[in-house]
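Structural characterization, general
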Amino acid sequence: DNNCTHDVKTLAGALVAVRTGYSAMRNKTIAGLQAAMVSSLSRALEISRGLQTYIIAADIIGYHTPEFESWVRQMITANIQGHSGVGVLGTAENSSNNWGGHARASLAAAAIYLNDATYKTKIVNAHKAFIGLSAPNSMVYTGTNWHADPNNKAGMNRKGATIQGKNVSGVLPEDWRRTAEYQWLPAVSGYMWEGIQGYVVATVIL
């Protein structure tokens, strides 16, 4: 559920537990993680937005069990609706919009938490491709005119990019197009703010 706050509250519990040494809060955090493990599945977007948070919470309190680690892997590879690919993994590797950002944040968290070399390689390549660096690239793009260089697209317009003389450096073409195609001033939208959440988390983890 995109509007569920359970993941954030579980992370808050983890932070309180490690800062205070309060064992009851650590136990409550573990209960939150276990509750997440029996939640029903939706699309890759909903899972990705919560999975990254649960993994970070588990890592903060040092919670490693075979059951939880197995669940993390199942969530990464679950055969569910994704964006430009199947599930969290396919979305992380192929989606150039906010779906992909959250999926890459979850994949990055899983790669480090599980110390999985394959996941590490996949997330590094996908993130490099998204920000316009040289890497194996399977990103899927639309025909939006927010791309500063239509012949060399990236999930984020490169530093110094311009369109019709206007600075569009750092613009997220596949998120900005969802409100309107290029115009100056841009139409007001929240998609770019929502989208950047996942991009920042993936970047910080990497």
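Residues numbered from 1 in each chain as written. Predicted model: local features only at pLDDT ≥ 70, side-chain atom pairs only at ≥ 80, totals over all residues. Heavy atoms only, no water.

**Notes on the overall build of the chain**
Broken down by element type, the chain carries 9 helices and 2 strands. Secondary structure elements of the chain, listed N to C terminal, follow the sequence α-α-α-α-α-α-α-β-β-α-α. On C-alpha atoms alone, the chain measures out to a radius of gyration of 18 Å, which is about the 17 Å that the 2.2 N^0.38 rule sets for 206 residues. Along the longest, intermediate and shortest principal axes, the C-alpha atoms of the chain span 60 × 30 × 30 Å. Buried positions account for 44% of the 206 residues belonging to the chain. For the chain, contacts bridging at least 24 residues in sequence account for 57% of all contacts bridging at least 6. (Helix = DSSP H or I, 4+ residues; strand = E, 2+ residues; numbered from the N terminus. Rg over C-alpha atoms; globule rule 2.2 N^0.38 Å. Buried < 20%, exposed > 50% of the residue type's maximum accessible area, 1.4 Å probe, protein only. Contact = heavy atoms within 4.5 Å.)

**A short note on a nonpolar patch on the surface**
On the surface, a cluster of nonpolar side chains totalling about 450 Å² of accessible area is made up of Trp193, Ile196, Val200 and Val204. Looking at the secondary structure, you find Val204 in helix 9 (residues 191-205). Given a relative accessible area of 68%, Val204 falls into the exposed group. (Patch = residues over 30% accessible without salt bridge, like charges linked within 9 Å, V, L, I, M, F, W, Y side chains within 5 Å. Areas by Shrake-Rupley, 256 points an atom, 1.4 Å probe, with all protein chains shown as cover. Salt bridge = Lys/Arg side-chain N within 4 Å of Asp/Glu carboxyl O.)

**Structural notes on the side chain of Ser106**
Secondary-structure assignment places Ser106 in helix 6 (residues 98-114). The exposure class of Ser106 is buried, given its relative accessible area of 0%. The residues contacting Ser106, other than those within four sequence positions of it, are Ile47, Ser48, Leu51, Gln52, Ile55, Ile76 and Val88.

**Considering the side chain of Asn98**
Position of Asn98 relative to the elements: it lies in helix 6. Judged by relative accessible area, which is 2%, Asn98 ranks as buried. Ignoring any residue separated from it by four or fewer positions in sequence, one finds Asn98 in contact with Leu45, Asp175, Arg178, Glu194, Gly195 and Tyr199.

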